[in-house]
Amino acid sequence: MTSRERFLASCARTPTDRRPVWLMRQAGRYLPEYRALKQKHNFVEMVKTPALAAEVTLQPLRRFALDAAILFSDILVVPEAMGQPYRFREEGGIAMEFALDSSEKIDRLDDQNIAERLAYQAGALRLVHQELGEGHALLGFAGSPWTLAAYMVEGGAPAAKPALVELAQRNPVMFEKLMQKLVHAVGECLNQQIAAGADAVQIFDSWASLCPAEKYSAWSLRWIRAVIATLPPQTPVILFAKGMSVQAAELIATGSKVLSLDTTVDVATFRKMNPAVATQGNLDPELLMGEPEKVQAATKKLLGQISGSGHIVNLGHGVTPQAKIECVTALVETVVATSCS
């Protein structure tokens, strides 16, 4: 069974010879080869240059026995393609060129021809697919409409009292107009990634917890469901809704094939309560900043909690720049050495 077959089988909850493994935000500053490339090219240049994005996408697979590669990109390329650029502040953090603080600014967002403006993603995916062939799974991704809107309305990372929540409460017509545009843009983005060779796509609702629990279905999941409805039905969709695992039934109802769990979730309990859905996660990224022995022990514990098929070993959030290579190696080697139960 190839890595690609193992990954897709786990998405479908069919038995595999062992657990597949990949890491969210695989590429990054923890790799010296990435840092070397970053000295020559800035982040946006790497994202928008297919050869560079493909190289960064492939770097982790050259070091570790991972089963899948995930496209090197950023969720904010979608707002940028719609006419709202972003940048990284010198002091850290993200700044949008402007905040969506009026109906006129939302009207000016262009959700048409998104695939054309994001053609560099398709170019990178094709290059990666050429090198990987059919042996490894290839993943695309995008931010959820709610999470993207959180940045767009705020003009950067959401505040303690998010402007998006205020917009949804104060002006539901304006909110709906924005979300409909984002559904179209995100759907076009993901469909292009699939056409370019992505075997699966992940939707990141990283700011899900900003949404009041009683509004989460109407303000976020409704729009995720609309995005997934535009995708080929055979394509596995992985949904990461940080802090919202308590709404598992609603998450599953979006059409997602796999739910990615954050570090707060007890995997064994979650799988017992939701036996029909495949899962992913949920090792603590901070483990990778410690000792390899602790990573090995935590990975073995996770593997022992997973009964039956349909789980992809991953972190409960992205790899941090402080991650140690020897710890990532310990994680992957432990999974590879442990037979599927």
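You'll find the structure just up there.
The structure reproduced in this document is the subject of the present report. What you are looking at is a predicted structure, and each value in this text was computed from that prediction instead of being measured.

1. Looking at the overall build of the protein
Turning to step 1, where the next piece is worked out: The helix and strand inventory of the protein stands at 16 helices and nine strands.
Turning to step 2, where the next piece is worked out: Counting only C-alpha atoms, the protein reaches 55 × 50 × 35 Å along its principal axes.
Turning to step 3, where the next piece is worked out: Within the protein, the fraction of its 341 residues that count as buried is 57%.
Turning to step 4, where the next piece is worked out: Pairs at least 24 residues apart make up 74% of the contacts formed inside the protein by residues separated by at least 6 positions.
Turning to step 5, where the next piece is worked out: Here the protein displays about 13800 Å² of accessible surface, and carbon together with sulfur accounts for 52% of that area.

2. Things to note about the pairing of strand S6 (residues 237-241)
Turning to step 1, where the next piece is worked out: Within S6, five of the five residues are buried, leaving the element largely enclosed by the surrounding structure.
Turning to step 2, where the next piece is worked out: Across the two faces of S6 the burial is the same, with Val 237, Leu 239 and Ala 241 and Ile 238 and Phe 240 all buried.
Turning to step 3, where the next piece is worked out: Both strand S5 (residues 200-205) and S6 contribute to a ladder of five bridges, which runs parallel. Across the sheet, Phe 204 pairs through a bridge with Phe 240, a residue of S6.
Turning to step 4, where the next piece is worked out: A crossover links S5 with its parallel partner S6, the connecting element being helix H12 (residues 216-229), and its sense is right-handed.
Turning to step 5, where the next piece is worked out: Both S6 and strand S7 (residues 258-260) contribute to a ladder of three bridges, which runs parallel. Directly across from Leu 239, in S7, lies its bridge partner Leu 259.

3. Considering the packing of helix H4 (residues 50-63) against helix H8 (residues 119-132)
Turning to step 1, where the next piece is worked out: Where H4 meets H8, the closest approach of the two axes is 8 Å, and the angle between their N-to-C directions is 40°. Here H8 runs oblique to H4, going by the angle between their axes. For the pair H4 and H8, the crossing hand works out as right-handed. Taken together, the residues of H8 that come into contact with H4 (itself represented by Pro 50, Ala 51, Ala 53, Ala 54, Thr 57, Leu 58, Leu 61 and Arg 62) are Tyr 120, Gly 123, Ala 124, Leu 127, Val 128, Glu 131 and Leu 132.
Turning to step 2, where the next piece is worked out: Per-class residue counts for the contact of H4 with H8 are 11 nonpolar, two polar and two charged.

4. Observations concerning the pairing of S5
For a regular strand, the rule is simple: side chains alternate between the two faces of the sheet.
Turning to step 1, where the next piece is worked out: With respect to burial, S5 is a largely interior element, six of its six residues being buried.
Turning to step 2, where the next piece is worked out: Neither face of S5 is exposed, since Ala 200, Gln 202 and Phe 204 on one face and Val 201, Ile 203 and Asp 205 on the opposite face are all buried.

5. Things to note about the environment of Trp 207
Turning to step 1, where the next piece is worked out: In this fold, Trp 207 is placed in the loop between S5 and H12.
Turning to step 2, where the next piece is worked out: Distance in space between the C-alpha atoms of Trp 207 and Val 319 is 17 Å, their sequence separation being 112 residues.

6. Observations regarding helix H11 (residues 172-195)
Turning to step 1, where the next piece is worked out: When the terminal C-alpha atoms of H11 are compared, their 34 Å separation across 24 residues agrees well with the 34 Å that a helix rising 1.5 Å per residue should span.
Turning to step 2, where the next piece is worked out: Two residues or fewer past H11, Gly 197 is found with a positive phi of approximately 125°.

7. Section: the environment of Ala 208
Turning to step 1, where the next piece is worked out: One can find Ala 208 in the loop between S5 and H12.
Turning to step 2, where the next piece is worked out: Take Ala 208: its relative accessible area is 0%, and that puts it in the buried class.
Turning to step 3, where the next piece is worked out: Spatially, the C-alpha atoms of Ala 208 and Lys 242 are 5.8 Å apart, while their sequence positions differ by 34 residues.
Turning to step 4, where the next piece is worked out: In this structure Ala 208 touches Trp 146, Thr 147, Tyr 216, Ala 241, Lys 242 and Met 244, once residues within four positions along its chain are discounted.

8. Some details on the state of the cysteines
Turning to step 1, where the next piece is worked out: Evaluation of the coordinates by the stated rule reveals zero disulfides.
Turning to step 2, where the next piece is worked out: The cysteine Cys 189 is free of any disulfide, with Cys 11 supplying the nearest cysteine sulfur at 19 Å.

9. Some details on the side chain of Asp 111
Turning to step 1, where the next piece is worked out: In this fold, Asp 111 is placed in the loop between helix H6 (103-108) and helix H7 (114-117).
Turning to step 2, where the next piece is worked out: Although Asp 111 is buried, it makes no salt bridge; Lys 181 carries the closest opposite charge, 5.2 Å away.
Turning to step 3, where the next piece is worked out: Within the structure, the side chain of Asp 111 is placed 3.1 Å from the side chain of Gln 112, a separation counted as a polar contact.
Turning to step 4, where the next piece is worked out: In contact with Asp 111, other than residues within four places in its own chain, are Met 82, Lys 181, His 184, Ala 185 and Glu 188.

10. Some points on the pattern of salt bridges
Think of it this way: side chains of opposite charge can pair up when their charged atoms draw near.
Turning to step 1, where the next piece is worked out: Within this structure, the stated rule accounts for 15 salt bridges.
Turning to step 2, where the next piece is worked out: Here Asp 67 ties to Arg 18 by a salt bridge, and the two come within 3.2 Å at their closest N and O atoms. Taken as a pair, Asp 67 in the loop between H4 and strand S1 (68-70) and Arg 18 in the loop between helix H1 (3-11) and helix H2 (32-38) lie far apart in primary sequence, 49 residues in all. Both residues of the pair, Asp 67 and Arg 18, count as buried.
Turning to step 3, where the next piece is worked out: Within this structure, Arg 6, Asp 17, Arg 18 and Asp 67 form a network of salt bridges that share partners.

Cut-offs and rules
- Residues numbered from 1 in each chain as written.
- Predicted model: local features only at pLDDT ≥ 70, side-chain atom pairs only at ≥ 80, totals over all residues.
- Heavy atoms only, no water.
- Helix = DSSP H or I, 4+ residues; strand = E, 2+ residues; numbered from the N terminus.
- Buried < 20%, exposed > 50% of the residue type's maximum accessible area, 1.4 Å probe, protein only.
- Contact = heavy atoms within 4.5 Å.
- Areas by Shrake-Rupley, 256 points an atom, 1.4 Å probe, with all protein chains shown as cover.
- Pairing = 2+ DSSP bridges.
- Right-handed = clockwise from strand over helix to strand, strands pointing away.
- Axes fitted to C-alpha atoms, helices over the stretch in contact; angles between N-to-C directions.
- Parallel < 35°, antiparallel > 145°, perpendicular 65-115°, else oblique.
- Left-handed = near helix turned anticlockwise from the far one by under 90°.
- Nonpolar A, V, L, I, M, F, W, Y, C, P; charged D, E, K, R; others polar.
- Expected span 1.5 Å × (residues − 1).
- Disulfide = S-S within 2.5 Å.
- Lys, Arg positive; Asp, Glu negative; His and termini not counted.
- Salt bridge = Lys/Arg side-chain N within 4 Å of Asp/Glu carboxyl O.
- Polar contact = N/O pair within 3.5 Å; in protein donor to acceptor, adjacent residues only side chain to side chain.

On their own, these measurements won't tell you what the molecule is for.
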